[in-house]
Every structure is written in C-alpha cells, then in structure tokens.
Amino acid sequence: VRTVTVGEAPVMPLLQNVSGGDTIINRFVKSSITPAAEAFRSGDNQKGVSVFVGGVTGDSSFFSKLPAEVQAMTMSNMLELRGIALSKNIFPPISCEDLKKVKTPVLLMTGEKTLLFFKAINEELNKCLTNREMVILSNATHGLEMENPVDFNKIVLAFIDKH
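Below, the structure is looked at part by part. (Residues numbered from 1 in each chain as written. Predicted model: local features only at pLDDT ≥ 70, side-chain atom pairs only at ≥ 80, totals over all residues. Heavy atoms only, no water.)

1. Observations regarding the state of the cysteines
Heads up, the condition is: Any two cysteine sulfur atoms lying within 2.5 Å of each other are counted as a disulfide. Note on conventions: DSSP H or I runs of at least 4 residues are helices, E runs of at least 2 residues are strands, and numbering of each starts at the N terminus.
In total, this model carries one disulfide according to the counting rule given. Two residues, Cys-96 and Cys-128, share a disulfide whose sulfurs are 2.1 Å apart. With the S-S bond torsion at -120°, the cross-link from Cys-96 to Cys-128 turns out left-handed. In this pair, Cys-96 sits in helix α6 (residues 96-100) while Cys-128 sits in helix α7 (residues 116-128), placing the two residues 32 residues apart along the sequence.

2. Some words on helix α5 (residues 78-86)
Inclusion rule: Residue burial is assigned from relative accessible area. The probe radius is 1.4 Å, only protein chains are included, and a residue is buried under 20% of its type maximum, exposed over 50%, and partly exposed in between. This arc is taken over the directions from the axis of the helix to the C-beta atoms. Only heavy atoms matter for contacts: two residues are in contact if any of them lie within 4.5 Å across the pair.
Every buried residue of α5 is accounted for by Met-78, Leu-81 and Ala-85. For α5, the buried positions fall inside an angular range of 70° around the axis, keeping them on one side. Turned more than 90 degrees off the buried face of α5, the exposed positions are Leu-79 and Glu-80. Elements that come into contact with the buried residues of α5 comprise α1 (21-41), α2 (45-57) and α4 (68-76).

3. Here's the deal with the packing of α2 against α5
Using the following cut-off: In this description, a line fitted to the C-alpha atoms serves as the axis of each element, helices being fitted only across the stretch in contact, and the angle between N-to-C directions of two axes falls anywhere from 0 to 180 degrees. What sets the label is the angle itself: under 35 degrees gives roughly parallel, over 145 gives roughly antiparallel, 65 to 115 gives roughly perpendicular, and the rest give oblique. Three classes are used: nonpolar for Ala, Val, Leu, Ile, Met, Phe, Trp, Tyr, Cys and Pro, charged for Asp, Glu, Lys and Arg, and polar for all others, with Gly counted as polar.
Viewed as axis vectors pointing N to C, α2 and α5 meet at an angle of 70°, and their least axial separation amounts to 10 Å. Relative to α5, α2 is oriented roughly perpendicular. Across the interface between the two elements, Asn-45, Val-49, Phe-52 and Val-53 of α2 pack against Met-78, Leu-81, Arg-82, Ile-84 and Ala-85 of α5. Residue classes in the contact of α2 with α5 are distributed as seven nonpolar, one polar and one charged.

Following this line, the structure appears as structure tokens:
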C-alpha cells in the first residue's frame, strides 16, 4: 500500500479524546444507527438506507434527493450499511497509539459542511497520524465523492501522484 485516502472515517473511539465525545457518539447512535437498525430488522431496507445516509450527512432527505442511479448504487451496497447498523461491535477499539504506527502517507478528507463528529474525528486523526495531509472539500458533507466529484478526484489523484 503506497497511500491511503480517508474520507471521514467513523473512528468513533477517537471521540473519547474530545470534550463531550460520549454525548456526540450517543446522539449519533440514537438519531441514526438505532432507527436505521430498526428499519433493517423490520425488512424496510430502503428506509434503513435512507435513515442511515440522512444520519451521516445531517440531511434526512439526502437519499431521496439523489439521482435514481445513485440511489440504486447505494441500495446495491445496502448490505454494508445494514451490517454497520446491526453490528454488535459497531465501533471497534482503536487508539492514537495504534494510529501512530501507520507510516504510509494518509490523505484525510472532510467536507466543508460535514457534521461535528466527522470534523472532530478528522482532527483527532490529524493529531494521531504522523504522515498525513488534511484537506477540506468545498460544498460537501459526508457524501464527499458524490457532492463534489471533480475536486474530490483532482485532490485524490494529485495525492496518489505525489507519493
């Protein structure tokens, strides 16, 4: 592996290092993960995906506003979102010390309009990783590559070329 690009990774254990981090995690689980899991359990996969996507973008109508082909692509990856929502260990432990062992160049990307918990996680990743660059993608929430594909691709390809 020559480079790693991280687009707002849900490394929730790092929020333990942030003031109010437990509250941030609990609020996210209560507003997004729990209702998505309930929808998946009841067999309403589309609602589960919609709630999950709304939770990570901060816009409950985000999924319904996506073009039909993007909705279809997202639904074809539904098992990943379902697995996350129904996981018994949704946020496996990881520490800053673990991350300091990563020597590969890492590009940390976050959206300009993203949610507080993704910003806080990226700030913690920025402190923990020793060989990293951090970029804020304009006009984007957690849907980085969908909301600003031109700049996303330009930034990622430049980072890969650089390394």
